[in-house]
Amino acid sequence: MKNNMYWLIKPLAGVILSYATTALETHASVQERPHPVLEHTFTGDVAVLKKRVEVIMHMDEAKLMALVPNQVPRHTFSCPACRADKSYDKRYDGNSKAAMPNIWDPEKPDQIQCESCERVYPNDEFPVDQVEYFHNPAMERIEVRHYFDPNKNVYSYNANDGGRKGRKYYIEAYVDNAKWDFLWPHLQDLAALYHLTQDEIYARKAVIIANQYATNFHRFLLSTKYGHEFVDCKKHKFPWGYIDTRWGRRVTDESMVALMDVVDLIFASQAMDEVGEELRIDVRENLFKVFDSGLKRQFAMLGYDCFGQKAGYKEFLNLAKVFEQKELSDLVLQTYYDFPRYAYSSDGSFWEGTGYGQIQNLNTAQMREDDNFSHAASYTGVNRIDNLMHWTMRDDFYRKTYFARSDIRYPNGNAPLIQDASGFNAIWPTVGLRYESESLMRTGYKHAILGAGERDDQVQVHIGFGVNSANHGHQDTLGLQLYALGRPLIDSFPYHKSQIRSFSNKTLTHNTVVVDHQTQNKLACDGDPVIFETTLPGLSVFSADAPRAYRNITSQYKRTLALNTIEVQKPYVIDIFEVTGSL
């Protein structure tokens, strides 16, 4: 399915890649600019903000620019001596930013101290004397230095160079991380102060820092495995890998999205033009390219899938607003308007698998409710009315994506534990308690429910027969879940982050049959409905066969469920599992 989708989105990617090949349009005068165009909140009043930026205001501009990292900082690292970090005793998870507790002093900007053992780096005990070379996305050859310890063995992120096993410590990148941790909150405060006071002295400091970041960013290397290794772009083809990024975890984090808020606040400042004249560059265009590079990769790699991610959609639209890009705004609207027919099935399920579909469906419904497209730079006056009419035409679709999740909810209002999507129940509001349950089948979701009863007497038997998507999927085809007596009685592992996460995705941990001690196929393992009978009083039956779950092993992998609710307060389920074939 993924390969088929690629050919659908490839022409679109070519169109989108072309939008930014020209320079920014001539900017409106400062007086005509509507900035800021985004919503902003501030963490203090003017007096508090001024106090916080005192240290920055006393620095000269050359010193400020020198603090901006020359290469992508390392957000995750440990002390080479005492290994003090927040992730040493567990397998690193990319969502966290584990780093050794450290002390950094702006008066000694090129060193960092471990709080635990008090060693200062770099030092002669742990020399940064190993050199590697990588090519960045601009195909420039970049030198990277590190300290190498052959005796360390930290799970899967060991260095393996010519048979050597050990760990690399990119100490200079750790220092860069400390510099940016210092600069970033001050940059936010400077932008806020300019907005609140209109004093150009704060804008100038912010422009100097932001422009230097943008300048350096264009030379950043890609890192992979959530920041643990560098990527040589010369050895790989654009758009490189999904977890290869210059900032954050994935291609969708290619650029620092929060920087757009800062740019919005200082965009209309005189400092933007003054600094640009002094450096003989267009500062706004330099900043735009930071985000443009990430957008090109996202579209080339993900296509319509980009718009299934709420953060990605908002990033695209906010970029168009902040940088006054009418063409991009138009393109985002048209793409988002078109993508449902490529990315969704008729019953509102997302194409990339059942579990991931639930995540995307909620994002899609929320995007419609945001109504941000109607406030984009290119949609004002009559254009805004036309735009709203376009969205009204799509209301039926967005209602369907929302209720696709609602239809299969438990009586208590929560979603069943479908692959990894279930872990988000804690942050997603429930869509409401069910008054009654009934039997239904969603062929797009590849999910069926045998249900009956009202209020406290509701009973549901859930069975999934869909693919185990590559992202957030479990090998749980024909897995069963049971809700009765006011609570889930048989369920599955929710989305979680622990050392047993990969184990909990396997067939062995789900209520389905394991064949020859093996786990099911990871992708093409979906089943076909055989029976769906709901017309008999007090009896409903569902059956599905999924021999592809164990390809080349089973010729039949069939589950039949019969729910008897003739006495709704005393329901029971008959479960028959038939397997033919084995090694």
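Structural data are supplied above this passage.
Just so it is clear, the structure is predicted and the values come from calculations on it, not from any experiment.

Colleague: Whenever I open this one, the overall build of the protein chain confuses me. Can you help?
Modeller: Each helix and strand in the protein chain was counted, giving 16 helices and 18 strands. Residue burial in the protein chain is summarised as follows: out of 583 residues, 53% are buried. Once local pairs closer than 6 in sequence are excluded, the contacts in the protein chain between residues at least 24 apart make up 63%. Looking at the protein chain as shown, the accessible area adds up to about 26600 Å², and 51% of this sits on carbon and sulfur atoms.

Colleague: Is there a simple way to explain the pairing of strand S1 (residues 102-105) in this structure?
Modeller: In the case of a regular strand, side chains alternate between the two sheet surfaces. Here S1 pairs with strand S2 (residues 108-114) via 3 bridges, running antiparallel. Looking across to S2, one finds that asparagine 102 is bridged to cysteine 114. The hairpin turn running from S1 into S2, its antiparallel successor, is 2 residues long.

Colleague: What's the story with the pattern of salt bridges in this structure? I'm lost.
Modeller: Opposite charge on two side chains permits them to pair, given that their charged atoms come into close proximity. Tallied over the entire structure, the rule returns 16 salt bridges. The partner of arginine 548 in a salt bridge is aspartate 528, and the shortest N-O contact between them spans 3.4 Å. With arginine 548 in the loop between strand S16 (539-545) and strand S17 (556-564) and aspartate 528 in strand S15 (residues 528-536), the pair connects residues that are 20 residues apart, well separated along the chain. Salt bridges sharing common partners tie together Lys446, Asp526, Asp528 and Arg548.

Colleague: It is not clear to me how the environment of proline 571 should be interpreted in this structure. Could you clarify?
Modeller: Mapped onto the secondary structure, proline 571 falls in the loop between S17 and strand S18 (572-580). Taking relative accessible area as the criterion, proline 571 reaches 29% and is therefore assigned partly exposed. Separated by 114 residues in the primary sequence, proline 571 and aspartate 457 have C-alpha atoms spaced 9.4 Å apart. Those residues in contact with proline 571 that lie beyond four places of it in its chain are Val459, Asn564 and Thr565.

Colleague: Would you take a moment to explain the sheet that holds strand S3 (residues 120-121) for this structure?
Modeller: In a beta sheet, neighbouring strands are held together by backbone hydrogen bonds and run either parallel or antiparallel to one another. Ordered by their spatial adjacency, 3 strands build an open sheet running S1-S2-S3, and the pairing between neighbours is antiparallel. On the outer flanks of this sheet lie S1 and S3, each paired with one strand and no other. Lying on the sheet, helix H5 (residues 171-197) is in contact with S1, S2 and S3; it crosses S2 at an angle near 105°.

Colleague: Would you mind going over the packing of aromatic side chains with me for this structure?
Modeller: Here a ring pair, both rings aromatic, is described through the centre-centre distance and the interplanar angle of the planes. Counted under the stated rule, the structure contains 20 aromatic pairs. Plain terms: the ring middles of tyrosine 170 and phenylalanine 230 are 5.1 Å apart, the flat faces sit at 85° to each other, and that makes the pair edge-to-face. With tyrosine 170 in the loop between strand S7 (164-169) and H5 and phenylalanine 230 in strand S9 (residues 229-231), this residue pair connects regions lying 60 residues apart in the sequence. Side by side, tyrosine 170 and phenylalanine 230 carry an identical accessibility label, which is buried. Pairing tyrosine 557 with phenylalanine 577 gives two aromatic rings, centres 5.0 Å apart and planes at 70°, and the pair type is edge-to-face. Of the two residues, tyrosine 557 sits in strand S17 while phenylalanine 577 sits in strand S18, which places them 20 residues apart along the sequence. Judged by its relative accessible area of 0%, tyrosine 557 falls in the buried class. Residue phenylalanine 577 is classed as partly exposed on the basis of its relative accessible area of 23%. Every member of this aromatic cluster is reached through a ring pair, and the members are Trp180, Trp184, Tyr213, Phe217 and Phe220.

Colleague: What is the right way to look at the nonpolar core in this model?
Modeller: The nonpolar side chains of soluble globular proteins are, as a tendency, buried together. Counting residues in hydrophobic clusters, the biggest one holds 78 residues, and the most contacted among them are Trp180, Leu183, Tyr213, Leu259 and Phe323. If one sorts the elements of this core by residue count, H5 sits on top with 15 residues. Grouped together as the second largest cluster of nonpolar side chains are 21 residues, Val459, Leu480, Ala546 and Leu563 included.

Colleague: Sorry, what's going on with unusual backbone geometry here?
Modeller: A negative phi angle characterises most non-glycine residues, just as the trans form characterises most peptide bonds. The step from tyrosine 121 to proline 122 runs through a cis peptide bond, and the omega angle for that step is -5°. A positive phi angle, near 60°, is found at glutamine 198, a position not held by glycine. One can find glutamine 198 in the loop between H5 and helix H6 (200-217). Of note, leucine 478 is a non-glycine position whose phi angle comes to about 65°, a positive value. Look at leucine 478 and you get buried, because its relative accessible area is 0%.

About the thresholds
Residues numbered from 1 in each chain as written. Predicted model: local features only at pLDDT ≥ 70, side-chain atom pairs only at ≥ 80, totals over all residues. Heavy atoms only, no water. Helix = DSSP H or I, 4+ residues; strand = E, 2+ residues; numbered from the N terminus. Buried < 20%, exposed > 50% of the residue type's maximum accessible area, 1.4 Å probe, protein only. Contact = heavy atoms within 4.5 Å. Areas by Shrake-Rupley, 256 points an atom, 1.4 Å probe, with all protein chains shown as cover. Pairing = 2+ DSSP bridges. Salt bridge = Lys/Arg side-chain N within 4 Å of Asp/Glu carboxyl O. Axes fitted to C-alpha atoms, helices over the stretch in contact; angles between N-to-C directions. Phe/Tyr/Trp six-rings, centres within 6.5 Å; stacked < 30°, edge-to-face > 60°. Core = buried A, V, L, I, M, F, W, Y, C linked by side-chain atoms within 4.5 Å.

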